[in-house]
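Survey of secondary and tertiary structure
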Amino acid sequence: MLLLENGYVQDGLKALVYLAPLVYLVFKRKSLGLKYYWAFFAGLALLFFGNLLDFMDEVAFLRESEFAERYGLLQDFLEDIVGFTLGFIVFCGSVYLEFIKGKCRKIGG
């Protein structure tokens, strides 16, 4: 249980959840044939960026540095608003445009 309560493991696994599809998307770009590739890429990259900033909170010397004291609110804004919220909106929008809206056009809606 101690391993599951470790912040490094939790935040590292969350970052891998977004890094794995991002890497797959980059390497399989041609074969996937996505019309809105850059929207998928931007959404996943922003989500990974937010998780990377979240992971940086676990590193002791970064958390206790003068930089963290001066720019802590900026880091929280970039992590939560730009990384997680905007990344989620862009990624969901790309899924909608690629799969849901495309199917509605084919059906006639």
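Now for a quick tour of the structure. Bear in mind that the values here come from a model prediction, so they are computed numbers and not experimental data. (Residues numbered from 1 in each chain as written. Predicted model: local features only at pLDDT ≥ 70, side-chain atom pairs only at ≥ 80, totals over all residues. Heavy atoms only, no water.)

Some words on the side chain of aspartate 11
With respect to the helices and strands, aspartate 11 occurs in helix H2 (residues 7–27). Look at aspartate 11 and you get buried, because its relative accessible area is 5%. When residues no more than four places from it in sequence are discounted, the contact partners of aspartate 11 are Asp54, Phe55 and Glu58. (Helix = DSSP H or I, 4+ residues; strand = E, 2+ residues; numbered from the N terminus. Buried < 20%, exposed > 50% of the residue type's maximum accessible area, 1.4 Å probe, protein only. Contact = heavy atoms within 4.5 Å.)

Considerations on the environment of serine 94
Within the secondary structure, serine 94 sits in helix H6 (residues 66–107). Since its relative accessible area comes to 1%, serine 94 is described here as buried. Through-space distance from the C-alpha of serine 94 to that of alanine 39 is 5.5 Å; in sequence the pair is 55 residues apart. Ignoring sequence-local partners within four residues, the contact set of serine 94 consists of Tyr36, Ala39 and Phe40.

Quick notes on the nonpolar core
Counting five residues, the largest nonpolar core is built from Leu22, Leu25, Tyr37, Phe40 and Leu44. Residue assignment for this core shows that the elements contributing at least two residues are H2 and helix H4 (37–56). By residue number, the principal contributor to this core is H4, which donates three residues. Other than its neighbours up to four places away in sequence, leucine 22 contacts Phe41, Leu44 and Ala45. (Core = buried A, V, L, I, M, F, W, Y, C linked by side-chain atoms within 4.5 Å.)

Observations concerning H4
Its 20 residues give H4 an end-to-end C-alpha distance of 28 Å, which sits within 8% of 28 Å, the value for a rise of 1.5 Å per residue. All buried positions along H4 are accounted for by Tyr37, Phe40, Gly43, Leu44, Leu46, Leu47, Phe48, Gly50, Asn51, Leu53 and Asp54. (Expected span 1.5 Å × (residues − 1).)

Focus: the packing of aromatic side chains
Both the distance between ring centres and the angle between the ring planes are used here to describe each pair of aromatic rings. If you walk through the whole model with that rule in mind, you get six aromatic pairs. Measuring from centroid to centroid gives 6.2 Å for tyrosine 37 and phenylalanine 41, while their planes differ by 25 degrees, and the two rings are stacked. You can see tyrosine 37 and its partner phenylalanine 41 sitting in helix H4, four residues apart, about one turn around the helix. For tyrosine 37, a relative accessible area of 8% translates into the label buried. Considering the side-chain rings of phenylalanine 40 and phenylalanine 99, the 6.2 Å spacing of their centres and the 65 degrees angle between planes classify their relative orientation as edge-to-face. Of this pair, phenylalanine 40 sits in helix H4 while phenylalanine 99 sits in helix H6, and the two are 59 residues apart along the sequence. Site record: aromatic cluster; members linked through ring pairs are Tyr37, Trp38 and Phe41. (Phe/Tyr/Trp six-rings, centres within 6.5 Å; stacked < 30°, edge-to-face > 60°.)

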